[in-house]
Amino acid sequence: MDDRPRGVVVTGAAGDLGRTLCRSFLGDGFAVYAADVAPIDAVPGLVPVRVDVTDRGQVLGLADLASRDTRLEAWVNAAGIFVACAVDDADEASWHRILSVNLTGTYHGCAAALATLARAGGGRIVNVGSISGQLGGTGVHPAYGASKAGVHALTKTYALEGARHGVLCNAVAPGLLEGSMSREFGDRRRDRLAQANPMRRLGRMDEIAGVVRFLAGPSNTYVNGAIVPVNGGAYMPS
Ligand SMILES: NC(=O)c1ccc[n+]([C@@H]2O[C@H](COP(=O)([O-])OP(=O)(O)OC[C@H]3O[C@@H](n4cnc5c(N)ncnc54)[C@H](O)[C@@H]3O)[C@@H](O)[C@H]2O)c1
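Residues numbered from 1 in each chain as written. Predicted model: local features only at pLDDT ≥ 70, side-chain atom pairs only at ≥ 80, totals over all residues. Heavy atoms only, no water.

Undergrad: Teacher, can you tell me more about the site of the ligand here?
TA: Around the ligand lies a shell of 28 residues, among which L17, D36, D52, Y144 and K148 are the nearest. Take S180: an N or O atom from its side chain is 3.5 Å from an oxygen atom of the ligand. In isolation the ligand offers 820 Å² of accessible surface; the protein chains occlude 89% of this area. The pocket occupied by the ligand, as judged from atoms lying within 2 Å of grid points, is the largest pocket. For the shell around the ligand, the secondary-structure elements that each account for two or more residues are α1 (16–27), α5 (142–163) and α6 (180–183). In terms of residue class, the shell around the ligand is made up of 17 nonpolar, seven polar and four charged. (Near = heavy atom within 4 Å. Polar contact = N/O pair within 3.5 Å; in protein donor to acceptor, adjacent residues only side chain to side chain. Areas by Shrake-Rupley, 256 points an atom, 1.4 Å probe, with all protein chains shown as cover. 1 Å grid on protein atoms, 1.4 Å probe; cavity = no way out; pocket = protein on both sides within 12 Å on 5 of 7 lines; lining within 4 Å. Sits in = over half its atoms within 2 Å of the grid points. Helix = DSSP H or I, 4+ residues; strand = E, 2+ residues; numbered from the N terminus. Nonpolar A, V, L, I, M, F, W, Y, C, P; charged D, E, K, R; others polar.)

Undergrad: Looking at this model, I keep getting lost on the nonpolar core. Mind explaining?
TA: When a protein is soluble and globular, its nonpolar side chains tend to lie buried together. Grouped together as the largest cluster of nonpolar side chains are 27 residues, with contacts concentrated most on V9, Y33, L62, W75, I125 and Y158. Counting only elements with at least two residues in this core, the list comes to β2 (31–36), α2 (56–69), β4 (71–77), α3 (92–119), α5 and β6 (167–174). With seven residues, α3 is the single largest residue contributor to this core. With 25 residues, the next largest nonpolar core counts V126, V172, L177 and L215 among its residues. (Core = buried A, V, L, I, M, F, W, Y, C linked by side-chain atoms within 4.5 Å. Buried < 20%, exposed > 50% of the residue type's maximum accessible area, 1.4 Å probe, protein only.)

Undergrad: Would you take a moment to explain the pattern of salt bridges for this structure?
TA: Enumeration over the complete set of coordinates arrives at ten salt bridges. Taken together, the salt bridges that share partners define one network made up of R201, R204, D206 and E207. (Salt bridge = Lys/Arg side-chain N within 4 Å of Asp/Glu carboxyl O.)

Undergrad: How do you make sense of the side chain of N170 when you look at a structure like this?
TA: Among the secondary structure elements, N170 is positioned in strand β6. In this structure the side chain of N170 is engaged in a polar contact, spanning 2.8 Å, whose partner is the backbone nitrogen of A226. Contact partners of N170, with chain neighbours within four places excluded, come to I125, V126, N127, T155, L215, N220, V223, N224, G225 and A226. (Contact = heavy atoms within 4.5 Å.)

Undergrad: Explain the packing of aromatic side chains here, please?
TA: Both the distance between ring centres and the angle between the ring planes are used here to describe each pair of aromatic rings. Summed over all chains, the structure comprises three aromatic pairs. Seen in terms of ring centroids, F82 and Y144 are 5.1 Å apart; in terms of plane orientation they differ by 80°. Their pairing is edge-to-face. Here F82, found in the loop between β4 and α3, pairs with Y144, found in helix α5; they are 62 residues apart in sequence, far enough to count as distant. Of the two residues examined, F82 and Y144, each falls in the buried class. The interplanar angle of 85° and the centroid separation of 5.3 Å between the aromatic rings of F82 and F185 together place this pair among those described as edge-to-face. In this pair, F82 is assigned in the loop between β4 and α3 and F185 in the loop between α6 and α7 (187–196), connecting sequence segments 103 residues apart. Counting every residue linked through ring pairs, the aromatic cluster contains F82, Y144 and F185. Stacked on the ring of F185, the Lys or Arg R189 has its end atom at 4.6 Å from the ring centre. Residue placement shows R213 over the ring face of F25; its charged tip is 4.3 Å from the ring centre. (Phe/Tyr/Trp six-rings, centres within 6.5 Å; stacked < 30°, edge-to-face > 60°. Lys NZ or Arg CZ within 6 Å of the ring centre and 35° of its normal.)

Undergrad: Help me understand the layout of surface pockets, please; the structure alone is not making it clear to me.
TA: Rolled over the atoms, a probe with the dimensions of a water molecule shows which regions are left empty. Counted as a void, the largest pocket has a volume near 1100 Å³. Forming the walls of the largest pocket are 49 residues, and the residues nearest its centre are F82, S130, Y144, L176 and M181. Ranked by residue count, the leading element in the lining of the largest pocket is α7, at four residues. Here the lining of the largest pocket is built from residues that sort into 27 nonpolar, 15 polar and seven charged. What the second largest pocket holds in volume is close to 190 Å³. As for the second largest pocket, its lining consists of A13, A14, R19, C22, R23, L26, P39, I40, D41, V43 and L46. Ranked by residues supplied to the lining of the second largest pocket, first place goes to α1 with four residues. (Points joined across faces, edges and corners; volume = space filled by probe spheres on them.)

Undergrad: How should the environment of R124 be read in this particular structure?
TA: Within the fold, R124 resides in strand β5 (residues 123–128). Distance from R124 to P229, taken between C-alpha atoms, is 18 Å for residues 105 residues apart in sequence. Sequence-distant contacts of R124, that is, excluding residues within four places in its chain, are made with E73, A74, W75, L117, G166, L168, L215, A216, G217, P218, N220 and T221. A distance of 3.3 Å separates a polar atom in the side chain of R124 from the backbone oxygen of G217.

Undergrad: Before we go on, may I ask you to explain the sheet that holds strand β1 (residues 6–11) in this structure?
TA: Sheet architecture is open: seven strands sit in the order β3-β2-β1-β4-β5-β6-β7, paired in parallel fashion. Looking at the sheet topology across the chains shown, the edges are occupied by β3 (46–50) and β7 (227–230). When strand polarity is set aside, the average angle formed by the axes of neighbouring strands in this sheet is 20°. One ladder, built from six bridges, connects β5 with β6; its direction is parallel. Looking across to β6, one finds that R124 is bridged to L168. (Pairing = 2+ DSSP bridges. Axes fitted to C-alpha atoms, helices over the stretch in contact; angles between N-to-C directions.)

Shown next as C-alpha cells:
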C-alpha cells in the first residue's frame with residue numbers, strides 16, 4: 001500500500017491560471033509541485049519549485065522531485081508567454097522566445113511527465129493550448145498561435161504514445177480570459193473582443209480550471225488526445 005500523498009505538477013504556477021489550478025488541487029488534498037520562473041510562496045501542501053520550462057534538465061529534475069515524495073497522478077503544462085504586437089512588427093527574437101517557452105517547454109513537460117507517470121503505472125497530462133492555435137489572430141505575435149497549434153499536435157502524439165502506458169494526454173484550448181495576459185491587448189480591444197464572444201464576456205480562470213481538473217482526474221477514463229475548446233462558443237470545431 002502506497003501511503004504517499006497524491007501528487008500533481010503545475011507549470012506556470014505563479015500565473016493567473018496556474019494559481020487557480022494550485023488552489024483547486026490543494027483543496028482536494030494533493031501535494032502540489034508549483035513550478036515557475038517567478039517566485040511563489042510556500043503554503044502547506046504546496047512546494048514551490050523554481051523551474052524554467054525551456055531547460056530540459058530542470059524539468060526532469062522537477063519530475064524526479066515530485067515523484068519521489070508523492071504518488072504523482074497528473075501533470076499540467078500551463079507555463080506560457082504572450083506578446084501583443086502588430087503582426088507586421090513581429091520580431092524574430094520574440095518568435096524564438098515564444099516557441100521556446102510555449103512549445104519546447106510543453107514538449108519537455110510532456111516528455112518528463114510521460115516517463116514518470118508511465119513508471120508509476122499511469123496518469124494524466126493536460127496541456128494548455130489556445131483558440132489562437134485553432135484560428136490564428138491579429139494583434140498578437142504570430143509565434144503565439146503557431147506555438148499553440150504545436151501544443152495541440154504534441155498533445156495528440158503524447159496521447160497516442162501514452163495510451164500504451166495508461167497515461168491520457170489532452171489539452172484545453174481557452175478563448176480570451178480575464179487576467180493579466182488579455183490586459184496586454186488594452187482595455188478597448190479587450191472589451192471589443194469580449195462583446196464579439198457569443199456569451200458577451202471573457203472566460204474566467206476557474207472555468208478553465210474546472211475542465212483541466214476533469215481531464216487530469218480519475219473520472220476521465222477515455223478522453224484522450226482531445227483539444228477541448230473552452231471559449232464560450234467563439235469557435236465550435238465539429
Ligand atoms: N489568459 C488568456 O487569455 C489565455 C488564453 C488562452 C490560453 N492561455 C494560456 O494559458 C496559460 C496560462 O496563462 P495565464 O493567463 O495564467 O498567463 P500568466 O501570464 O498569468 O501565467 C503564465 C505563467 O507562466 C510563467 N512562465 C513564463 N515563462 C516561463 C518559463 N520559461 N518557465 C516557467 N514558467 C514560465 C510566467 O512566469 C507566468 O507565471 C498559458 O499557456 C497561456 O498561453 C491564456
